[in-house]
Amino acid sequence: MLKNNAKKAAVTAAGTASLCLLVLLLLAAQHHRVQVTSDPSAGADAGTRSLLQETAIQDEQKKSGFSAYFTKLARGRREVEKPAGSSGSPADAPPAEDISASDVFIAVKTTKKFHQSRLNLLLDTWISRNTQQTYIFTDGEDAELKKKIGSHAINTNCSAAHSRQALSCKMAVEYDKFIESGKKWFCHVDDDNYVNVRTLVKHLSQFQHTQDMYIGKPSLDRPIEATERLGDNKMKPVNFWFATGGAGFCVSRGLALKMSPWASGGHFMNTAEKIRLPDDCTIGYIIESVLGVPLTRSNLFHSHLENLQQVSRSEIHKQITLSYGMFENKSNIINLKGAFPVEEDPSRFKSVHCLLYPDTPWCPPQVVL
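Residues numbered from 1 in each chain as written. Predicted model: local features only at pLDDT ≥ 70, side-chain atom pairs only at ≥ 80, totals over all residues. Heavy atoms only, no water.

### Describing the pairing of strand E7 (residues 224-231)
The condition that has to hold: The pairing criterion for strands is at least two bridges between them, as found by DSSP. For helices the rule is a DSSP run of H or I covering at least 4 residues; for strands it is a run of E covering at least 2, with both sets numbered from the N terminus onward.
Here E7 pairs with strand E8 (residues 234-240) via seven bridges, running antiparallel. By the bridge assignment, Ile224 is partnered in E8 with Phe240. Linking two consecutive strands that pair antiparallel, namely E7 and E8, is a turn of two residues; a positive phi of about 55 degrees is found at Asp232 within it.

Here's what the structure looks like:
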C-alpha cells in the first residue's frame, strides 16, 4: 500500500515538473519575440532583407523575361533581314507565286561584232532551251540571227559604241519591249552570261510579281555617288545601290510599271543624262533613289568582275548566272573539269551546260566531272 502511494506521488511530481518546464519555455519564447519586434532597427533590417530578396527575385524574372523577349526579337529581325539567296537553295522555301519560264522576259544585250564570238555560244547552250522567253537586243541587222530566233532578234538601231549613251539606248528599248510583252518579270543579262533558267524561275517564284522587287548583285562595296542635274545649273548629290548588269538583274512588273515616268519612251535616255551614268546605274537610280525601293541582293548572280574560281562545281546548279572574262590579268572562268577541255571550251559554258543538261545531243556521253 505504501509502495503504491509512493509511486503515485513520484509520477505526480514528475508530471508537475514537466508542466512547469513547459510553461517556462513558453514564457521564454514569448519574451524573445517581444524583444525582437520591439526593436525598430531589427524590424527595419529584417524588412530590408525581405524587400531586397523579393526585388532580386523580381529582377531575375524581369531579366529572364527581357532576355527571352530580345532573343525572340533578334531572331525575328534576322529572319526579316536575310538577303535573298543567302539562305540556300530557292527551293527551300515554298513559292509565293506559281510561275513558269514563259512568265519571264530575258533580255540579252549584245553588239553585232560579238554575234559570232559570244552570241552563238549562248544560242547553242542555254538559249537553245529558252528561245520563247529570250530576246536579243543588238545594234545591227543579222540575217543568220533572224533565221535562228526570228522576231526575238531586235535591232535597237543604237550606236555600237560601248558608251553610256549607247548602253542606255539599248536598255530603253529593252524596257519598252518588256512592258509590251505583258510578262511578269524583266531580267537583263549580258552576252557573256550563262543563265540557269530553271534556278532563275525558282528564285523569282519566292516573290510576287506585283510587289516592288529589284533583285541582283552590286559590283561595288558601297553605294555609288552621283550628281543629279536639276536644271538652271542646279545640282544635287545622290547615292544609291545598283545591281551590275554584268551579273544580270531582275525587276518585277509591279515595280517596272512604277518606273514608267522615268524609263518609258525616251525618258530613260533623259534620266541617264541627269546623272551621267550607264544603263545599269540608271536602273538603280530610278528604283532606289527616285522610287525608294531597296535592292534585294542575291549572291546567285555572277559577273566577270568577281573571282569565278570560287564557284565550286557542286554549287553550279544552284547559281542563276555565270560569266567569264579576265580578273586581275588572269583568265577568269569557272573551275570545272567537264565535258570539254579548256582549249575547246574557254568560257566553260559548254561544260556547264552538259553538267546541267546531260541529255543535250552534242554533249559527250558519260561525262566524268
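### Examining the sheet that holds strand E2 (residues 134-138)
What holds strands together in a sheet is hydrogen bonding between their backbones, with the strands either parallel or antiparallel. Spatial ordering of the open sheet is given by E3-E2-E1-E4-E9-E6-E10, a layout of seven strands whose pairing is mixed. The outermost strands of the open sheet, each flanked by one partner alone, are strand E3 (153-155) and strand E10 (296-297). Relative to strand E9 (residues 249-252), strand E6 (residues 214-216) runs antiparallel, the two being bridged by three bridges. Within the sheet, the bridge partner assigned to Gly216 lies in E9 and is Phe249.

### Quick look at the pattern of salt bridges
Using the following cut-off: Only one rule defines a salt bridge in this text: a Lys or Arg side-chain nitrogen within 4 Å of an Asp or Glu carboxyl oxygen.
Counted according to the given criterion, the structure contains 17 salt bridges. Glu315 is paired through a salt bridge with Lys318; the nearest N and O atoms lie 3.5 Å apart. Asp345 is the partner of Arg348 in a salt bridge, and the nearest nitrogen-oxygen pair spans 3.5 Å. Within the structure, one salt-bridge network assembled from shared partners comprises Lys109, Asp190 and Asp279.

### Digging into the packing of helix H5 (residues 164-181) against helix H10 (residues 279-290)
Short version of the rule: To obtain an axis, a line is fitted to C-alpha atoms, over the contacting stretch when the element is a helix, and the angle between two such axes runs from 0 to 180 degrees between their N-to-C directions. Orientation labels follow simple angle bins: below 35 degrees gives roughly parallel, above 145 gives roughly antiparallel, 65 to 115 gives roughly perpendicular, and whatever is left gives oblique. Here, residues are in contact when the closest pair of their heavy atoms is within 4.5 Å. Each residue is assigned to one of three groups, with Ala, Val, Leu, Ile, Met, Phe, Trp, Tyr, Cys and Pro labelled nonpolar, Asp, Glu, Lys and Arg labelled charged, and all others, Gly among them, labelled polar.
Put simply, H5 and H10 touch, their axes get as near as 8 Å, and they point 60 degrees apart. Comparing the axis directions of H5 and H10 gives the class oblique. Taken together, the residues of H10 that come into contact with H5 (itself represented by Leu167, Ser168 and Met171) are Asp279, Thr282 and Ile283. Taken together, the residues that form the contact of H5 with H10 break down as three nonpolar, two polar and one charged.

### Details of the nonpolar core
The following threshold applies: Working definition of a nonpolar core: buried Ala, Val, Leu, Ile, Met, Phe, Trp, Tyr and Cys residues. They are joined through side-chain atoms within 4.5 Å. Accessibility here uses a 1.4 Å probe with only protein chains present; expressed as a share of the type maximum, an area under 20% marks a residue as buried, one over 50% as exposed, and anything in between as partly exposed.
Within the largest apolar cluster, 43 residues are counted, with the highest numbers of intra-cluster contacts made by Val104, Trp126, Trp185, Tyr194, Leu200, Leu204 and Leu322. Counting residues per element, the ones that place at least two in this core are strand E1 (104-109), helix H3 (115-124), helix H4 (143-149), strand E4 (185-190), strand E5 (193-195), helix H6 (197-204) and helix H11 (349-356). Setting aside chain neighbours within four positions, we find Leu200 in contact with Val104, Ile106, Cys187, Val195, Cys250 and Ile320. Among the nonpolar cores identified, the runner-up in size contains 34 residues, and Phe137, Ile154, Leu255 and Ala256 belong to it.

### Quick notes on unusual backbone geometry
Even without glycine at this site, Asn157 takes up a positive phi of about 60 degrees. Assignment of secondary structure puts Asn157 in the loop between E3 and H5. The class for Asn157 is exposed, based on a relative accessible area of 66%. A positive phi angle is found at Arg348, which is not glycine, with a value near 70 degrees. Among the secondary structure elements, Arg348 is positioned in the loop between strand E13 (330-332) and H11.

### Focus: the state of the cysteines
Put simply, the rule is: Throughout, a disulfide means two cysteine sulfur atoms within 2.5 Å of one another.
This model, assessed by the stated rule, comprises three disulfides. Shown here is the disulfide that connects Cys187 with Cys250, its sulfur atoms set 2.1 Å apart. Disulfide Cys187-Cys250: torsion about the S-S bond near 110 degrees, hence right-handed. Within this pair, whereas Cys187 is found in strand E4, its partner Cys250 is found in strand E9, the two being separated by 63 residues in sequence. What makes Cys187 buried here is its relative accessible area of 2%. The residue that forms a disulfide with Cys354 is Cys363, at a sulfur-sulfur distance of 2.0 Å.

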